[in-house]
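Reading the structure
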Amino acid sequence: MKTPVVLPVVAITVDEDGVLSARLDGQPYADQRPLLRGDLRGLLDEITSELATPVRVQMAEADGTTYVDISTPPGDDTTQEGSADVLPIRMLPGVTGSGFRPGEQVAVAYVLLHATADDAGAAVVRLPPAVLSRHQGALVLMGLDSNTVTPLTAPLEATV
């Protein structure tokens, strides 16, 4: 199975009684049924099977403890990549850019902030720890051979 560059995010909150609430990419998921701590594995299997892709799991306990992990679809180790019978259930958001050389490797970067170079052309960027947990920015595509940079500040849309 090929892992996408950006994983869907499953945010799980556990209250004092062990009741779970789940959000998939910011939207409530399975909120019509009660979920307990013992339902977590089944819930993640359900989500990863529905999406046919791994997900990033962010779990917040009632006492403030947080956990982050990656969950893969059940039976993922037996799935043959490119198998004709394995089809994604939902298309993931994607981005496009142009101006690259044919066959060129293109990197995706997330711009956290902008800095201005000094008179010598050097820039110093210091990243406080808070930036790592809460940030705003824009995606860019960078051609690794041509050094072409395409900024992507519009919202991501599903691609075919």
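Each remark here, short or long, concerns the structure printed above.
Quick look at the structure, then. Bear in mind that the values here come from a model prediction, so they are computed numbers and not experimental data.

Quick look at helix 1 (residues 40-51)
Under the 1.5 Å per step criterion, the end-to-end length of helix 1 is 17 Å for twelve residues, consistent within 8% with the ideal 16 Å. When helix 1 is considered as a whole, its buried residues turn out to be Leu 40, Leu 43, Leu 44, Ile 47, Thr 48 and Leu 51. Each buried residue of helix 1 sits inside an arc of 125° when the element is viewed along its axis, so together they form one side. As for helix 1, its buried residues are in contact with strand 1 (9-14), strand 2 (19-24), strand 3 (27-29), strand 4 (35-36), strand 5 (55-60) and strand 6 (66-71). The positive-phi residue at the C-terminal boundary of helix 1 is Ala 52, with phi of around 60°.

Structural notes on the pairing of strand 2
Taking every second residue as pointing to the same face, the buried face of strand 2 carries Leu 20, Ala 22 and Leu 24, while none of Val 19, Ser 21 and Arg 23 on the other face is buried. Linking strand 1 to strand 2, which pair antiparallel, is a turn of four residues; within it Gly 18 sits at a positive phi near 85°. Note: strand 2 against strand 4, two bridges, orientation antiparallel. When the sheet's bridge partners are listed, Leu 20 is paired in strand 4 with Leu 35. One ladder, built from three bridges, connects strand 2 with strand 3; its direction is antiparallel. Paired with Arg 23 across the strands is Pro 28, a residue of strand 3. The hairpin turn running from strand 2 into strand 3, its antiparallel successor, is two residues long, and Asp 25 in that turn takes a positive phi close to 50°.

About the cut-offs
Residues numbered from 1 in each chain as written. Predicted model: local features only at pLDDT ≥ 70, side-chain atom pairs only at ≥ 80, totals over all residues. Heavy atoms only, no water. Helix = DSSP H or I, 4+ residues; strand = E, 2+ residues; numbered from the N terminus. Expected span 1.5 Å × (residues − 1). Buried < 20%, exposed > 50% of the residue type's maximum accessible area, 1.4 Å probe, protein only. Arc of directions from axis to C-beta. Contact = heavy atoms within 4.5 Å. Pairing = 2+ DSSP bridges.

The values are spatial; any link to function lies outside them.
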